[in-house]
Amino acid sequence: MDEALITIAEAWQKLSRDSLSASVPPAPKLSDNVLSPKMTEKLWALAHRREYLIECLRTQLYLLHYRAAALEGVADNNEIAECDKIFYRDLYGCLRLSNYLLILVGEFLDVWAKESEEGNLLITSEWLIVWFAKKILQDRKWLHTLKEVYTPNGRAEFYYRFSAYFLYVLFLIRYFGEPNLFRFSDITEGYERFVDASLYLLAEYAHRVEQLPLNIPLYQILTGHIWANEAILYTIQDNYRDHHHHVWNVCLLGMVLLEAGLVTRLDPDWEKDANLARQRRRNWLLAGLLHDIGYGLNLNRHMLGHLNFLQGSPCLTQFLKGLNDYHDRSARELSVELDKWINFGKLQGTLDHGVVSALYLLFLDRAPQRPEEPVLPAQAWLKDIPEAFVATGKHNLDGVTISPKDDPLALLLLLCDHLQEWDRPHIDAMHLRRSMSASLHRPGQTVTLGKTVLRCLKANLSWQSDRVHLSCNQPVQIKLYYKDAGQERFQPAVIWCQNTYEFQRINFAEWPADLEIDLEVIHPVSQELSRGLRLWEMDLFEDFARKDQECLGLWAWFKAARAGTPGFSYQKVESPALPQETFKWVLKHGGFDLSRPPTTSEASRIIEAFPPGLYLRYTLWKEQRLREIRLRKR
C-alpha cells in the first residue's frame with residue numbers, strides 16, 4: 001500500500017511539472033452561472049494549476065473513505081491503524097493531508113474573494129461549504145488528537161464522513177464552485193452521503209470545538225428528525241419550501257457574520273472572555289440549526305387536508321370534521337401551555353413553531369431520557385442556552401420586540417432567516433407524489449426539479465488573513481438578486497411588505513449609533529409582466545390592496561415606500577434592456593422613523609398587522625387579473 005501511494009504521488013508530481021507549461025483550456029460557459037466570467041476563469045485556472053494536488057488528495061480521501069466504511073461499527077485498534085496512517089500520512093516532505101487541504105481550500109477562497117464583482121463577497125451554498133471546510137481544518141487540536149478523544153469505531157465514523165465531505169469540496173474546487181457542471185459520484189450515494197457528512201461534521205464541530213455537551217444528540221436530531229420529516233412535508237404540503245438545507249445555510253451564514261464581527265458591533269465586550277465567547281458561538285449553533293424544528297407540527301395539519309375527498313359520506317364527513325376540530329382544540333391547548341414557559345410574548349391561542357422549537361431546546365439535554373413525569377429543565381443546561389432559547393422563541397413570534405443590545409443572537413437569527421433565500425427549492429407537490437410512484441417502478445424515467453427563487457447574495461464583506469471582515473467605516477451592504485418571479489412562482493411585493501413588517505420588530509432606539517445595515521433586493525421584471533403588458537409588481541399589489549378590505553392598513557406602507565422613507569424605499573428601474581424593481585431597508589439607529597424619534601419600538605410601526613392569508617389571496621387575484629388583461633389585449 002505504501003509503495004503504491006508513493007508511486008501515485010511521484011506520477012502526479014511529474015504530471016504537475018508537465019502541466020505548468022500547458023495552456024489552460026477554456027472554462028465551460030453556463031447561461032445560469034452566478035459567477036462573473038472573470039471569476040470563472042480565475043477559479044478554473046486555479047483548478048488546473050493545482051490539478052495534481054487535487055488528484056492526489058482525491059486518491060487519499062477515496063482510500064480513507066472506503067477503508068473506514070468497511071470498518072465502521074466493528075473497528076479495533078489494529079484495524080483502524082491503517083486509516084490512521086492514511087489520515088496522518090506525509091504526502092510530500094513534512095506536510096500532512098490536512099495541511100495540503102488547508103492550502104488548497106485557502107487558495108480557492110482567496111481567488112473567489114479577489115475576483116468578486118464591485119468589492120462584494122459573493123455568498124452561495126458552495127462558498128459556505130468551502131468556508132466551513134477551512135474552519136474544520138484550522139482547528140489543529142481537533143484533528144490532531146483524534147486518537148485521544150475517539151474510540152476506534154468513533155475514528156472510523158469520523159474518517160468516513162470527513163472524507164465524504166472533502167471529496168465534495170475537491171469537486172467544487174475542480175469545477176470553480178459551480179455544481180451544475182458535474183454529478184458527484186466519487187462515493188456511493190453521492191450527494192446524499194455528502195449531506196449526511198455535513199450534518200455530522202457540524203454536530204462534531206459543536207461538540208469538539210465549541211464544547212456542546214456530548215449527551216446532546218445533535219447529529220441524530222438533524223438526520224433523524226429534521227431531514228427525515230423534510231421528505232414528508234414536501235409531499236403533503238403544496239408549494240412547500242426547503243427547511244433542511246435552510247437551517248444548515250442559516251447556521252453557516254450566522255457563523256460567517258459572527259466571525260466578521262457583526263455581533264461585536266452590537267455587543268463590543270462579548271469576546272473578551274473566552275468561555276463566554278464559546279458559549280455564545282455554541283448558542284448560535286443551536287439556534288441556527290434548531291430554530292425551525294417545531295415546524296414538524298405542521299405534519300398533522302397538512303395531512304388532514306388530504307382526506308377531504310372522503311366527505312361524500314355523512315358519517316365520514318363528520319369524522320373528518322371531528323379530526324379537524326380535535327387538532328384545532330389541541331393546538332389551542334398546547335399554545336396555552338407554551339405560554340407558561342415563555343416571558344417575551346403571548347401566543348394568544350396561536351401555535352408558533354418558533355416557540356415550540358424553543359421549548360424543545362429547553363429539554364434538549366433530556367431528549368434521550370423521554371421522561372414520563374413532569375420535570376423542569378436542568379439548571380446547568382438552562383444557564384448555558386439563554387440566548388439560543390430567546391433567539392429561537394422570538395424569531396417567528398408576531399409583534400415581539402427584538403433588542404439589538406440585549407438579544408444580539410435573536411437579531412442575527414432574524415437577519416439570517418430572511419437573507420437565506422438561495423437553494424430553497426419549492427416544487428409542485430402533486431407532481432412529486434406522482435413522480436415518486438412512477439420512478440420506483442421505472443427508475444430514471446421521471447424527473448422532478450425543485451426551483452429556487454434567488455440567484456445569489458452579495459455583501460461588502462472582505463476576505464483577509466483567512467477570515468471574513470466587516471468594514472468599520474461604511475455601512476454593511478447586502479444585496480439579494482432574485483430570479484424571474486413569474487417563472488419561479490413567487491410574489492415579490494408581498495415579500496417586501498412582509499419583510500418590512502418583520503423588521504419593525506427590531507427596537508431601533510437601542511440600535512448602535514455607529515452601525516448601519518443596508519439590505520437591498522433586486523427583482524427583474526417578470527417576462528409575464530413585460531411582454532406587451534407594461535406592468536409592475538408594486539402596482540399590481542397596490543391595486544389588489546385597494547379592493548381587499550383586510551389590506552387597508554397597508555396604505556401607510558405603500559405611501560412611505562414610494563416616497564423613499566429613510567427606513568425603507570421602493571424604486572423602479574425602467575431600463576429597456578432589463579427593467580427592475582428594487583426594495584431597500586436601512587437598519588440603523590432610529591430606523592423606520594416616519595415622523596418623530598421613536599421612544600419605543602411601537603412608535604415607529606408602519607404596518608400594525610399583517611393580514612392573514614394575504615399571500616394566497618393575492619396570488620389567486622393576480623392570476624385572474626393577468627388572464628383578464630391578456631384576453632383584452634387580443
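On a predicted model such as this, the values are computed, not experimentally measured, just so you know. (Residues numbered from 1 in each chain as written. Predicted model: local features only at pLDDT ≥ 70, side-chain atom pairs only at ≥ 80, totals over all residues. Heavy atoms only, no water.)

Along the backbone of the protein there are 27 helices and 8 strands. In the protein, which comprises 634 residues, the proportion classed as buried is 53%. Across the protein, the fraction of contacts at a sequence separation of at least 24, relative to all contacts at a separation of at least 6, is 74%. Accessible area for the protein stands at about 29700 Å²; split by element, carbon and sulfur atoms hold 52% of it. (Helix = DSSP H or I, 4+ residues; strand = E, 2+ residues; numbered from the N terminus. Buried < 20%, exposed > 50% of the residue type's maximum accessible area, 1.4 Å probe, protein only. Contact = heavy atoms within 4.5 Å. Areas by Shrake-Rupley, 256 points an atom, 1.4 Å probe, with all protein chains shown as cover.)

Below, the discussion takes up the packing of aromatic side chains. Per the counting criterion, the structure on display carries 40 aromatic pairs. Arranged with centres 5.1 Å apart and planes meeting at 35°, the rings of Phe-87 and Tyr-159 form a pair that is tilted. Highlighted residues: Phe-87 in helix α4 (residues 77-88) and Tyr-159 in helix α9 (residues 152-174), separated in sequence by 72 residues. Positioned above the aromatic ring of Tyr-150, the side-chain terminus of Arg-208 is 4.3 Å from the ring centre. Over the ring of Tyr-481 we find Lys-458; its NZ or CZ atom is 5.2 Å from the centre of that ring. (Phe/Tyr/Trp six-rings, centres within 6.5 Å; stacked < 30°, edge-to-face > 60°. Lys NZ or Arg CZ within 6 Å of the ring centre and 35° of its normal.)

Let us now look at the environment of Val-453. Tracing the sequence through the fold places Val-453 in the loop between α21 (429-441) and β2 (454-459). Taking the C-alpha atoms as reference, Val-453 lies 7.7 Å from Pro-425; in sequence the two are 28 residues apart. Among all residues touching Val-453, those that are not within four sequence positions of it are Arg-241, Glu-421, His-426, Tyr-482, Lys-483, Glu-488 and Phe-490.

What the 6 strands build is an open sheet, ordered β1-β2-β5-β6-β8-β7; its pairing is mixed. Every interior strand has two partners, whereas the edge strands, β1 (121-123) and β7 (568-573), have only one. With strand direction ignored, the average angle separating the axes of adjacent strands in the sheet is 20°. Strand direction decides the pairing type here: strand β6 (residues 517-524) and strand β8 (residues 580-587), joined by 8 bridges, are antiparallel. When the sheet's bridge partners are listed, Asp-518 is paired in β8 with Val-586. Of the strands in this sheet, β6, β7 and β8 touch helix α23 (residues 492-503), which is tilted by about 5° from β8. (Pairing = 2+ DSSP bridges. Axes fitted to C-alpha atoms, helices over the stretch in contact; angles between N-to-C directions.)

Before going further, it helps to spend a moment on the confidence of the model for the protein. Model confidence for the protein is summarised by a mean pLDDT of 82, while 89% of its residues fall at 70 or above. Across residues 595-603, where pLDDT falls below 50, the model places 10 contacts with residues more than four positions away in sequence or in other chains. (pLDDT = per-residue confidence, 0-100.)

Core analysis: the largest hydrophobic core is formed by 193 residues, its most contacted members being Leu-290, Phe-541 and Trp-557. With 15 residues, the single largest contributor to this core is α9. Those residues within four positions of Leu-290 in sequence are excluded, and the remaining contacts are Leu-218, Ile-221, Leu-222, Ile-226, Ser-357, Leu-361, Leu-364 and Thr-392. Among the nonpolar cores identified, the runner-up in size contains 8 residues, and Tyr-234, Tyr-240, Tyr-295 and Ile-427 belong to it. (Core = buried A, V, L, I, M, F, W, Y, C linked by side-chain atoms within 4.5 Å.)

With that settled, consider the packing of helix α11 (residues 218-236) against helix α15 (residues 298-305). To characterise two packed helices, one gives the angle between the axes of the helices and the distance between these axes. Here α11 crosses α15 at 30°, and the two axes come no closer than 10 Å. Classified by the interaxial angle, the pair formed by α11 and α15 is roughly parallel. Judged by the sense of rotation from one axis to the other, the crossing of α11 with α15 is left-handed. Facing Asn-229, Ile-232, Leu-233 and Ile-236 of α11, the residues of α15 in contact are Asn-298, Leu-299, His-302 and Met-303. Here the contact of α11 with α15 is built from residues that sort into 5 nonpolar, 3 polar and no charged. (Parallel < 35°, antiparallel > 145°, perpendicular 65-115°, else oblique. Left-handed = near helix turned anticlockwise from the far one by under 90°. Nonpolar A, V, L, I, M, F, W, Y, C, P; charged D, E, K, R; others polar.)

The next point concerns unusual backbone geometry. Unlike most non-glycine residues, Glu-189 shows phi in positive territory, near 75°. Despite not being glycine, Arg-489 has its phi angle at roughly 60°, a positive value. Counting through the fold element by element, Arg-489 comes out in the loop between α22 (485-488) and α23. Arg-489 sits in the exposed class, given a relative accessible area of 58%.

On to helix α20 (residues 408-419). Each α-helix turn comprises 3.6 residues. Residues three or four places apart therefore point the same way. Here α20 contains 12 residues, and its C-alpha end-to-end distance of 16 Å stays within 8% of the 16 Å for a straight helix at 1.5 Å per residue. With 12 of 12 residues buried, α20 is to be regarded as a mostly interior element. When α20 is considered as a whole, its buried residues turn out to be Pro-408, Leu-409, Ala-410, Leu-411, Leu-412, Leu-413, Leu-414, Leu-415, Cys-416, Asp-417, His-418 and Leu-419. (Expected span 1.5 Å × (residues − 1).)

Another aspect to go through is the packing of helix α3 (residues 51-71) against α9. At a minimum axis distance of 8 Å, the contact between α3 and α9 shows a crossing angle of 150°. Judged by the angle between their axes, α3 and α9 are roughly antiparallel. Taken as a pair, α3 and α9 cross one another with a handedness that is left-handed. For the contact of α3 with α9, a count of residues per class yields 18 nonpolar, 3 polar and 3 charged.

In terms of burial, β2 is largely enclosed, as 5 of its 6 residues are buried. Inspection of the sheet shows β1 paired to β2 by 3 bridges, in the antiparallel sense. By the bridge assignment for β2, Ile-123 is matched with Leu-457. By the bridge criterion, 5 bridges tie β2 to strand β5 (residues 476-482) in an arrangement that is antiparallel. For Ala-459, the partnering residue across the bridge sits in β5 and is Ile-478.

Turning our attention to the state of the cysteines. Considering all chains together, one arrives at 0 disulfides under this definition. With no disulfide of its own, Cys-551 lies closest to Cys-497 among cysteine sulfurs, the gap being 7.8 Å. (Disulfide = S-S within 2.5 Å.)

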